[in-house]
Amino acid sequence: MVPGFIDAHCHLAAYARSMVTLDAGPPNASSISDIQDLVRQAARERPPGAWILGRGYHEFDLAEKRHPTRWDLDIASPVHPVKIAHRSGHTHVLNSLALKRVGISMETGDPPDGLIDRDLATGEPTGLVHGMNELLARFLAATQDSQAETGIRMAGASLAALGITSIHDASSRNDWSRRDLFRTWQQRGHLPQRTSMVLGWEAFQGDAADEGDSADDGHVRVAGVKIIVHETTGRLSPSQLELNDMVLRIHQAGQQAVLHAIDEKQVTAACIAIEHALKTSPRADHRHRIEHCSVCPPALAKQMASAGITVVTQPAFVYYDGGRYLRTVPSEELEHLYPVATLKQHGVRVAGSSDFPVVPPNPLVGIYAAVTRRAADGEHVLSKERIGPLEALSLFTVDAAHAIRAETGTGSIRPGTPADLVLLSGDPTGVPEEEIKDIRVDMTMIDGQVVWERA
Ligand SMILES: [Zn+2]
């Protein structure tokens, strides 16, 4: 029996949607014609004009080694608007009817943060759009809401079956209405997990005063403010000065900064912004976080440790995407890729998560990957970054609890704490390491209530 698993960075609404949308990733689809078959199947099940949504493809996994286009999807159904999301969640491919519905044509210019892919000869949109989630979400809101409740029910049950008893939703579009929606779902019994969520920057700006309920009252609680640090055409966005200012405001509001940063430049910027906030207004136990921290050389790890930064990592990325990393990540980045052992050796607190639905939520696969650094096809990804099984188990329990500021009630088994417990078919710290990923969850308990039990 181990403490209930905690996923410190995930996307609940997207996961719920994934439960009710086509799975266009492997092993379900390994070619564009497989995706066409899935769309044809879905088209038979719904009236013309109704959206068909899919997700999870990656051009690397497709036999054709390219993204599908609008024309590929038109062949499967010209009379349903079709949108298939890339595994990254930031790129989508739309068929011709879907492009028309969302108002993208030859004349549409690229939005500030996005890119409409075009045929080089004709200038015609190919159906592939990057970084346009806001626009797409606006058009799909009604469709997605109607499917959401079914999806949430399935999501809550599936997480319980994986032993997950607490989640921290890290979606940058989270706002107070999303919080209320999560609460409604929780009250209806769809979501047994203890749930906390970051606020997006917009929502934090809009209503920073509404913090009265961030104390744990057993409901969905708000913890942290999310900022995505990225680069557009080689420049940091937000800029270093803007980022410093934003982090300082979060810090001075007594909140945790939750900074999405992937490569070394972004991680460095996030680290500088946190150092700036700490220097301006020193505060102990700030719990500021860097999410992903995918590329991090030892010197940067050292810098993060001295600022007291927590890294929220996704060990299972190595399992699901390791083969692709080995073939596509430049060697100077590959040698510092998800360096969990290096981070820990330098004194950085590291918490585990899956970023579901980017990869499946199973914490035992995350623990396995942290221990073995093996991809699904057996290849090793930076073996020197392996950690011990007890440390790996801690990532998803005691360390994750600390990262979401819930360590007094969850993440460990102690007298006086609520009984969030998982009964496993084997001991992840005792079985041969190859077997960790095959350990089954036999029972999940949240606050003393059995929420899932193997039949
Ligand atoms: Zn995420």
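As the structure is a prediction and not an experimental result, all values here were calculated from the model.

S.K.: A description of the state of the cysteines should follow, citing residues and the corresponding values.
M.R.: Going through the model one piece at a time under the given rule, you end up with zero disulfides. No disulfide involves Cys10; its sulfur sits 19 Å from that of Cys293, the nearest cysteine.

S.K.: Give a description of the domain arrangement of the protein that names residues and reports values.
M.R.: Each domain of the protein was delimited in the assignment, giving domain 1 (2–12 + 147–453) and domain 2 (26–86 + 91–130). The C-alpha centroid of domain 2 is placed 31 Å from the C-alpha centroid of domain 1. Contacts between domain 1 and domain 2 engage six residues on the former and four residues on the latter. Buried area between domain 1 and domain 2, both sides added, is near 410 Å², and the carbon and sulfur share of it is 60%. Ranking the residues of domain 1 by area buried against domain 2 places Gln147, Thr232 and Arg324 at the top, with a combined share of 66%. One can count zero salt bridges joining domain 1 with domain 2.

S.K.: Describe in detail the sheet that holds strand β20 (residues 449–453), supporting the description with residues and values.
M.R.: If you walk across this open sheet you meet the four strands as β1-β18-β19-β20, and the pairing is antiparallel. One side of each edge strand has no neighbouring strand; the edge strands of this open sheet are β1 (2–3) and β20. Examined bridge by bridge, β1 and strand β18 (residues 421–424) share two bridges and lie antiparallel to one another. Looking at the pairing, Pro3 lines up with Leu421 of β18.

S.K.: Let's hear about the pairing of strand β11 (residues 221–228): which residues, and what values?
M.R.: Of all eight residues that make up β11, seven are buried, and the element is covered over most of its length. Where strand β10 (residues 194–200) and β11 come together, four bridges link them in parallel fashion. Of the residues in β11, the one forming a bridge with Leu199 is Val225. With four bridges connecting them, β11 and strand β14 (residues 257–261) associate as parallel partners. Opposite Val225, over in β14, you have Ala257 as the bridge partner.

S.K.: How would you summarise the sheet that holds strand β9 (residues 164–169) if you had to cite specific residues and measurements?
M.R.: The parallel open sheet is built from eight strands, whose spatial order is β2-β9-β10-β11-β14-β15-β16-β17. Edge strands, defined here as strands with exactly one partner in the open sheet, are β2 (5–10) and β17 (349–352). For this sheet the average axis-to-axis angle between neighbouring strands, irrespective of direction, equals 25°. In the packing of helix α6 (residues 176–187) onto the sheet, the strands contacted are β9, β10 and β11, and the crossing angle to β10 comes to about 165°. Helix α8 (residues 240–252) contacts β11 and β14 of the sheet and is inclined by roughly 170° relative to β11.

What counts, and where the lines are drawn
- Residues numbered from 1 in each chain as written.
- Predicted model: local features only at pLDDT ≥ 70, side-chain atom pairs only at ≥ 80, totals over all residues.
- Heavy atoms only, no water.
- Disulfide = S-S within 2.5 Å.
- Domains from an automatic or database assignment.
- Contact = heavy atoms within 4.5 Å.
- Buried area = accessible area lost by both parts, 1.4 Å probe.
- Salt bridge = Lys/Arg side-chain N within 4 Å of Asp/Glu carboxyl O.
- Pairing = 2+ DSSP bridges.
- Helix = DSSP H or I, 4+ residues; strand = E, 2+ residues; numbered from the N terminus.
- Buried < 20%, exposed > 50% of the residue type's maximum accessible area, 1.4 Å probe, protein only.
- Axes fitted to C-alpha atoms, helices over the stretch in contact; angles between N-to-C directions.

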